[in-house]
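One letter stands for each residue in the lines below.
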Amino acid sequence: MQPKTARRIAALAAVAALPSTLLGVGVGAGAANAANPDCKQSMHWEKNDWSTVGISHTYDKSTVAEAAAGTNITYKVVVGTTSIGNPYVNTIWDYPPVGFGKPVSAKVTAYHFPGGQKTEDVTPEPNEDGSWRVSSTGWFVNSGNPVTAEFTYRVPDRAQTGVSILSGGAAFGGTVGVGTTIPELSACFTVREKNTGESTLGSADGAGLGSTEGQLSSTGSLSDFTADTITKIIKNLGGS
């Protein structure tokens, strides 16, 4: 079969796979599963002992309530203080759920002088214990300026709908008192079915449109997405 013919067949198949209900329909939440009361999206921890010299440090980890297999999910890990003092954090470790791969991306939001709070992309580094770390010469922390690290992972394709997935904890390094390892600082989400937009993006990828081409519009409208997708497919029909 000639490449041009094969491409046309794939493009036509993608058009045929588009449900008629896509036109003029906004992005829905998808099929939700019964919530597991023990699946907590977030966990909070406080440290105030001899090592903190009377200063309380706070630690939080959170994620979304639901995510579909094959999509991305972000864990936010936050360290702050509710007392006077200004500790510096130089390393944050995140322990993702078992079976998750390398982070798709990571970023840190921290206070900078001048300029205040800024968000920057960072490169996560692997550890032998399965965690991923981000590091700096020191992120400043005070009662109004916590440090937030965000680790984004892809949910494994084999994740089963309805299953609750619990992450590991987190660890922190820095000046005296702020460093600690908290295995209990976990976050849980439930695997849901893909919504219409996510399922359609998968079909578009299979038709050779590419993941960077098959994105929803900034308004989140599937009608905009569908029109754009069909336009690309029609162009493919005349392509080589």
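Note that the structure is predicted; figures quoted are calculated from it, not measured.

*Asks:* Could you give an account of unusual backbone geometry, naming the residues involved and the relevant values?
*Replies:* A cis amide bond, omega -5°, links Phe-113 with the succeeding residue Pro-114. By the element assignment, Pro-114 lies in the loop between strand E6 (105-112) and strand E7 (116-121).

*Asks:* Give me the lowdown on the environment of Glu-125, citing residues and values where you can.
*Replies:* Summarising the element assignment, Glu-125 is placed in strand E8 (residues 125-126). Counting along the chain gives 22 residues from Glu-125 to Pro-103, while the straight-line C-alpha distance between them is 9.3 Å. Those residues in contact with Glu-125 that sit more than four places away from it in its chain are Ser-131, Trp-132 and Arg-133.

*Asks:* Report on the pairing of strand E12 (residues 170-174), specifying residues and quantitative values.
*Replies:* Where a strand is regular, its side chains alternate between the two sheet faces. Counting buried positions along E12 yields four of five residues, so the element is predominantly enclosed. Sheet topology places strand E5 (residues 88-94) next to E12; five bridges connect them, and they run antiparallel. Residue pairing for E12: Ile-92 is matched across the bridge by Phe-172. Pairing between E12 and strand E13 (residues 180-182): three bridges, direction antiparallel. Residue pairing across strands places Ala-170 opposite Ile-182, the latter belonging to E13. Where E12 folds back on E13, the antiparallel hairpin that results is connected by five residues, among which Gly-177 adopts a positive phi of roughly 100°.

*Asks:* Would you mind going over the confidence of the model for the protein in detail, with residue names and values included?
*Replies:* Confidence in the prediction for the protein averages 78 pLDDT; 68% of positions are at 70 or higher. Here residues 1-34 scores under 50 on pLDDT; set against residues more than four positions off or in separate chains, the count is 53 contacts. pLDDT under 50 marks residues 206-227. Its contacts with residues more than four places away, or in other chains, come to 42 contacts.

Conventions used here
- Residues numbered from 1 in each chain as written.
- Predicted model: local features only at pLDDT ≥ 70, side-chain atom pairs only at ≥ 80, totals over all residues.
- Heavy atoms only, no water.
- Helix = DSSP H or I, 4+ residues; strand = E, 2+ residues; numbered from the N terminus.
- Contact = heavy atoms within 4.5 Å.
- Buried < 20%, exposed > 50% of the residue type's maximum accessible area, 1.4 Å probe, protein only.
- Pairing = 2+ DSSP bridges.
- pLDDT = per-residue confidence, 0-100.

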